[in-house]
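Below are the chains, spelled out letter by letter.
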Amino acid sequence: MTTDLAVIAFAQNPDPEARERILTLVRDTGAEIERFSTVRVTGPGSAGPDAEVPGYNAFTARVHGSEASALLAALRPDPLSQLLPGVDVNVVPATLLDPGRKKLLVMDVDSTLIQQEVVEMLAAHAGPEAEAEVTAVTEAAMRGEVDFAQSLLARVETLAGLPATAIDEVAAAVRLSPGAHVLIKAFLREGHAVAAVSGGFLGVLTPLAEQLQLTRHAANLLEVADGRLTGRIVGDVVDCTAKERFLRTWAAELDVALEDVIAVGDGANDIDMVTAAGLGVAYNAKPALRAVADAQINLPNLDAVRFFADL
């Protein structure tokens, strides 16, 4: 059985011989390399014209005649380590690079679309002890060590009594991940859809979604009474299961096949949506997500995701 695939690799400071080593490993599987290219990506920061965004090299090769499992075994035998130091090597279906297929990009928000964890930023308004407690629980939840929904409800309880204006202050303080703005513009410019789904809060995500002109977005709603947070969430928690449900719903609404959905996340509560998508990407992710994702980006530039759609 022959397959059309693409080998896509990223590195900030690659070994000069890395490209040839990748090509040799591909040929050793019996695959035919139709064409390949290497691009050095640099550009202005997503958080403003003076923000520094790390550059990186992106290598793409169109491959025919080998199954994905054989290529992965040769190029990325262990999802938690790199065969070539400093180089993330990924194998994806070549159909993702087809410009004629409409795609949907779905991103997690905290530590993916943005650099911070919003619940920690809110907890900082409640004092250093609350912030430290919430940070520890958030990290455990992202590693998959505690139930996300239960842990979120517990973290939100620590916010009880905060003035609702704290949400606006946090919304003004969040910063996009490097390359995020470039990535979103690239997808939207080509007629694709971009969505964000968060275990965080609508009060922060909605203004960001409007600013970025996202196609869809979803997050939790913090309950407010008499101008203060009650420490509760309105409705069901947006957890791992809900993220997958939103992904599937949005794909159906936008008439995008699941195989043309790219999902990007960083933590354990992104596992269901990442594994449901046609291509699931672990972005500077915790081991629990890296172990199951189809592709990985372990460099500080979200812009690299666009290469999976040949943008």
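This text follows the structure it describes.
Because the structure is a prediction, the values reported are computed rather than measured. (Residues numbered from 1 in each chain as written. Predicted model: local features only at pLDDT ≥ 70, side-chain atom pairs only at ≥ 80, totals over all residues. Heavy atoms only, no water.)

## What to know about the sheet that holds strand 3 (residues 56–64)
Working step 1: Taken in spatial order, the four strands make up an open sheet running 2-3-1-4, and their pairing is antiparallel. In this open sheet, the two edge strands, each paired with only one partner strand, are strand 2 (32–41) and strand 4 (88–93). Sheet twist, expressed as the average angle between the axes of neighbouring strands with direction ignored, equals 15 degrees.
Working step 2: As judged from the nine bridges shared by strand 2 and strand 3, these two strands associate in the antiparallel manner. Across the sheet, the residue bridging to R40 is N57, located in strand 3.
Working step 3: Its contacts with the sheet place helix 1 (residues 18–28) against strand 1 (4–11), strand 2, strand 3 and strand 4, and it is angled at close to 160 degrees to strand 2.
Working step 4: Along the sheet face, helix 2 (residues 68–75) touches strand 1, strand 3 and strand 4 and points at about 180 degrees away from the line of strand 4. (Pairing = 2+ DSSP bridges. Helix = DSSP H or I, 4+ residues; strand = E, 2+ residues; numbered from the N terminus. Axes fitted to C-alpha atoms, helices over the stretch in contact; angles between N-to-C directions. Contact = heavy atoms within 4.5 Å.)

## Some points on the environment of L202
Working step 1: Checked against the element boundaries, L202 lands in helix 9 (residues 202–212).
Working step 2: Put simply, L202 and I167 are 35 residues apart on the chain and 9.5 Å apart in space, counted from C-alpha to C-alpha.
Working step 3: When residues no more than four places from it in sequence are discounted, the contact partners of L202 are P207, H217, A218, A219, N220 and L221.

## Some thoughts on helix 1
Working step 1: Here helix 1 has its buried residues at A18, I22, L23 and V26. An end-on view of helix 1 places all buried positions within 135 degrees of arc, on one side of the element.
Working step 2: Lining the buried residues of helix 1 we find strand 1, strand 2, strand 3, helix 2 and strand 4.
Working step 3: Phi for G30, located one or two positions after helix 1, is positive at around 95 degrees. (Buried < 20%, exposed > 50% of the residue type's maximum accessible area, 1.4 Å probe, protein only. Arc of directions from axis to C-beta.)

## Digging into the side chain of D270
Working step 1: Relative to the helices and strands, D270 resides in the loop between strand 9 (261–265) and helix 11 (271–276).
Working step 2: Here D270 falls in the buried class, since its relative accessible area comes to 0%.
Working step 3: The residues touching D270, leaving out its near neighbours within four places in the chain, are D108, K243, G265 and L289.

## Thoughts on the packing of helix 7 (residues 165–173) against helix 9
Working step 1: Two numbers describe how helix 7 lies on helix 9: the axes approach to 9 Å, and their chain directions differ by 45 degrees. Comparing the axis directions of helix 7 and helix 9 gives the class oblique. As for the relative orientation of helix 7 and helix 9, their crossing is right-handed in sense. Side by side, helix 7 and helix 9 meet where I167, V170 and A171 of the first sit next to G203, V204 and P207 of the second.
Working step 2: By residue class, the composition of the contact of helix 7 with helix 9 is five nonpolar, one polar and no charged. (Parallel < 35°, antiparallel > 145°, perpendicular 65-115°, else oblique. Left-handed = near helix turned anticlockwise from the far one by under 90°. Nonpolar A, V, L, I, M, F, W, Y, C, P; charged D, E, K, R; others polar.)

## Brief notes about the nonpolar core
Working step 1: Of all hydrophobic cores here, the largest spans 65 residues; its most connected members are F10, L113, I262 and F308.
Working step 2: If sequence neighbours within four positions are ignored, F308 has contacts with I8, F10, N90, V92, L96, L97, I262, L279, V281, A295 and I297.
Working step 3: Counting 22 residues, the second-largest nonpolar core is a separate cluster that includes A193, A242, V261 and L289. (Core = buried A, V, L, I, M, F, W, Y, C linked by side-chain atoms within 4.5 Å.)

## Regarding the sheet that holds strand 9
Working step 1: Sheet architecture is open: seven strands sit in the order 8-7-6-5-9-10-11, paired in mixed fashion. Of all the strands in the sheet, the pair left with one neighbour each is strand 8 (228–234) and strand 11 (295–297). Strand-to-strand twist of the sheet, defined as the mean angle between neighbouring strand axes without regard to direction, takes the value 25 degrees.
Working step 2: Together, strand 6 (193–201), strand 7 (216–225) and strand 8 form the strand contacts of helix 6 (residues 148–157), whose direction differs from that of strand 8 by roughly 165 degrees.
Working step 3: Packed on one face of the sheet, helix 10 (residues 240–253) meets strand 5 (104–107), strand 6, strand 7 and strand 9 and runs near 155 degrees to strand 6.

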